[in-house]
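Residue-level structural notes
In case you want the letters, here they are:
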Amino acid sequence: MKTSRRTRTADHSPTIHRTTQRPSRIRRGRRWIARRRTALLSSALRGAAYATGAGIIGLGFYVLRQQI
């Protein structure tokens, strides 16, 4: 008699051992950054794009004002 796929994988799944100690603050910070890396990078890129655009617009108005 064959065992189902679900039973077979359940028998071979690794056991998770949890410790009672909390990870250090640095380790928690690294994990937080690792989980949110793409969101952080996209936010940084968006911020850089806004800053560049605002700088170009400001420079354009400055040049326009100097020529009037």
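Residues numbered from 1 in each chain as written. Predicted model: local features only at pLDDT ≥ 70, side-chain atom pairs only at ≥ 80, totals over all residues. Heavy atoms only, no water.

Within the chain, the secondary structure is distributed over three helices and zero strands. The helix and strand sequence of the chain, counted from the amino end, reads α-α-α. Taking all 68 residues of the chain together, the buried fraction comes to 0%. Entry remark: accessible area of the chain is about 7,400 Å², with carbon and sulfur atoms responsible for 58%. (Helix = DSSP H or I, 4+ residues; strand = E, 2+ residues; numbered from the N terminus. Buried < 20%, exposed > 50% of the residue type's maximum accessible area, 1.4 Å probe, protein only. Areas by Shrake-Rupley, 256 points an atom, 1.4 Å probe, with all protein chains shown as cover.)

Moving on: the confidence of the model for the chain. Confidence along the chain averages 83 in pLDDT terms, with 72% of residues attaining 70 or more. For the chain, per-element mean pLDDT is lowest for helix H1 (residues 5-11), which scores 56, and highest for helix H3 (residues 37-67), which scores 95. (pLDDT = per-residue confidence, 0-100.)

A cluster of basic side chains, namely Arg-27, Arg-30, Arg-31, Arg-35 and Arg-36, defines a positive patch on the protein surface. On the secondary structure map, Arg-30 appears in helix H2 (residues 25-35). With a relative accessible area of 63%, Arg-30 lands in the exposed category. (Patch = residues over 30% accessible without salt bridge, like charges linked within 9 Å, V, L, I, M, F, W, Y side chains within 5 Å. Salt bridge = Lys/Arg side-chain N within 4 Å of Asp/Glu carboxyl O. Lys, Arg positive; Asp, Glu negative; His and termini not counted. Charge placed at Lys NZ, Arg CZ, Asp CG, Glu CD.)

Taken together, the side chains of Ile-57, Phe-61, Leu-64 and Ile-68 present a nonpolar region at the surface, about 500 Å² in accessible area. By the secondary structure assignment, Ile-68 is in the segment after H3. Using a relative accessible area of 84% as the deciding quantity, one classes Ile-68 as exposed.

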